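These are the residues of each chain, in order.
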Amino acid sequence: MHNEHTNQHFQLRIDNGEYIEAKDYMPDGYRKHLIRQISQHAHSEVIGMQPEGNWITRAPSLRSKQILLAKIQDEGGHGLYLYSAAETLGISRVELIDQLHSGKAKYSNIFNYPALNWADIGAIGWLVDGAAIVNQVSLQRTSYGPYSRAMVRICKEESFHQRQGYEIMANMMKGTKEQREMAQDAMNRWWWPALMMFGPHDTDSPHSSDAVKWKIKRETNDELRQKFIDKTVQQAEIIGLTIPDKDLKFNEKTGHYDIGKINWDEFHRVINGNGPCNKQRMEHHIKYHNEGAWVREAAEAYKKKRLAKQLEIA
Ligand code: 3HC
């Protein structure tokens with residue numbers, strides 16, 4: 001009889017396509033891997049609210065302001081689902097936030113670039129959320145139950161994010177010469193960092209072999225990146241945008257687009273704290289986290305009071 005609490009039994013469950021739940025036996029490595037990935041995913045959702053938040057007061061119409069507000073609110077909610085999923089693995093919210101503030105935990109490279117104008121808001125929705133959808137649709141089948149369920153919920157909202165971004169770009173490409181140039185400039189600045197969102201090439205990814213073995217990742221970084229490229233190149237062509245890659249070429253043999261070299265030096269510089277906005281993003285998060293301390297203290301005090309009352313009655 002297999003002892004339920006062994007790595008062999010665990011791997012058998014994974015190989016059988018079973019979902020692992022919080023109370024199930026899991027190897028420490030699986031738990032640590034998930035805490036790292038889910039928490040960084042959550043941090044990305046919350047930090048990603050900053051570049052878009054800067055454009056709420058500058059949105060060109062009431063409609064676009066409403067859409068942007070709804071999107072940013074969604075991102076905050078995605079962060080909360082994901083922090084809650086990470087907490088089921090035995091880490092507290094305080095520890096998660098400390099890891100972000102100390103630089104121990106990363107967040108997606110993409111949010112360290114500035115949103116310079118309204119076309120950037122279109123490019124973020126279309127390219128960044130578009131890349132996130134490709135990654136997150138795949139993650140719906142991740143082996144950890146709470147993460148998978150969070151993904152199912154999040155993916156329902158992501159397609160609206162991507163579509164509203166594409167609509168902004170399509171409208172600008174039907175606009176004046178200046179608007180078309182603005183949209184193309186945003187495309188040129190966001191295309192390559194969006195490709196980097198999928199992580200290093202599989203051959204350079206230290207976590208992918210475990211992630212695939214434990215079915216945390218159901219597709220690899222390069223597989224997902226390729227899916228995103230094949231889909232997005234066609235969307236760009238439809239609205240008249242040019243992909244900023246002179247080596248982009250459809251490969252009749254593979255049926256996919258081949259691309260030029262990704263600048264991994266830029267990727268490592270940005271994810272290690274030296275991107276255009278890293279300092280600003282962290283200062284902003286720390287400032288408002290500290291200013292919000294009173295809300296957390298009040299909620300904590302209320303929780304304690306309620307608990308004491310229930311114990312009195314019991
Ligand atoms: N940005 C920052 N760091 C990255 C990165 C990126 N785009 N891609 C990889 N890295 C880091 C990894 O975190 C790891 O560093 P660590 O050991 O300090 O954690 C290192 O580079 C090696 O990368 P690996 O590919 O080996 O790491 P993973 O197996 O974790 O794969 C990943 C990276 C594909 C991003 C994977 O973690 C993943 O799928 N995460 C969930 C999705 C996610 O986090 N998306 C972020 C965007 S969320 C978003 O866009 C919100 C949307 O609503 C706008």
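Within each chain, residue numbers correspond to sequence positions counted from 1 in written order. Restriction of local features to residues with pLDDT of at least 70 applies here, the model being predicted, together with a cutoff of 80 or more for giving and counting side-chain atom pairs; totals for whole chains, interfaces and linings are based on all residues. Side-chain metrics rest on all non-hydrogen atoms present in the structure, leaving aside hydrogens and water.

## So, the packing of aromatic side chains
How two aromatic rings sit relative to each other is given by the distance of their centres and the angle of their planes.
Alright, step 1. A pair of Phe, Tyr and Trp rings is counted when the ring centres sit within 6.5 Å of each other, with Trp represented by its six-membered ring. The angle between the planes then sorts it: under 30 degrees is stacked, over 60 is edge-to-face, the rest tilted. In this structure the tally under the stated criterion is eight aromatic pairs.
Alright, step 2. Put simply, the rings of Phe10, Tyr30 and Trp214 pair up and form one aromatic cluster.
Alright, step 3. Between the NZ or CZ atom of arginine 58 and the centre of the ring of tryptophan 55, over which it lies, the distance is 5.3 Å. When the NZ atom of lysine or the CZ atom of arginine is within 6 Å of a ring's centre and also within 35 degrees of its normal, the charge is said to sit over that ring.

## Some remarks on the environment of lysine 217
Alright, step 1. Within the element layout of this structure, lysine 217 appears in the loop between α9 (208-213) and α10 (221-239).
Alright, step 2. Once the C-alpha coordinates of lysine 217 and glutamine 140 are considered, the two residues, 77 residues apart in sequence, prove to be 9.7 Å apart.
Alright, step 3. Non-local contacts of lysine 217, meaning those with residues more than four positions away in its chain, are made with Ser205, Ser208, Ala211 and Val212.
Alright, step 4. At a separation of 2.8 Å, a polar atom in the side chain of lysine 217 contacts the side chain of serine 208. Only DSSP runs of H or I with at least four residues qualify as helices, and only runs of E with at least two residues qualify as strands; both kinds are numbered from the N terminus onward. For this analysis, residues touch if any pair of their heavy atoms sits within 4.5 Å. Within 3.5 Å is the distance limit for a polar contact, defined as a pair of N or O atoms, with the added protein rule that one can donate a hydrogen and the other accept it, and that residues adjacent in sequence qualify only through two side-chain atoms.

## Focus on the side chain of glutamate 52
Alright, step 1. Relative to the helices and strands, glutamate 52 resides in helix α3 (residues 49-53).
Alright, step 2. Contact partners of glutamate 52, with chain neighbours within four places excluded, come to Leu68, Lys71, Ile72, Glu75, Ile121 and Ile124.

## So, the site of the ligand
Alright, step 1. Proximity is defined per residue: any heavy atom of the residue falling within 4 Å of a molecule or strand makes that residue near it. Neighbouring the ligand are 31 residues, the closest being Glu75, Lys106, Glu158, Ser205 and His207.
Alright, step 2. Here asparagine 109 contributes a backbone N or O atom positioned 2.8 Å from a nitrogen atom of the ligand.
Alright, step 3. One of the backbone nitrogen or oxygen atoms of methionine 196 is found 3.4 Å away from a nitrogen atom of the ligand.
Alright, step 4. The accessible surface values rely on the Shrake-Rupley method and a 1.4 Å probe; as for residues, cover is taken only from the protein chains in view. Starting from 1,000 Å² of accessible surface for the ligand in isolation, the protein chains cover 90%.
Alright, step 5. The set of elements that each furnish at least two residues to the shell around the ligand consists of α2 (28-47), α6 (118-139), α7 (145-173) and α11 (264-274).
Alright, step 6. Sorting elements by how many residues they give to the shell around the ligand places α2 first, with six residues.
Alright, step 7. Think of it as three bins: nonpolar holds Ala, Val, Leu, Ile, Met, Phe, Trp, Tyr, Cys and Pro, charged holds Asp, Glu, Lys and Arg, and polar takes everything else, Gly as well. Looking at side-chain class alone, the shell around the ligand contains 13 nonpolar, 11 polar and seven charged residues.

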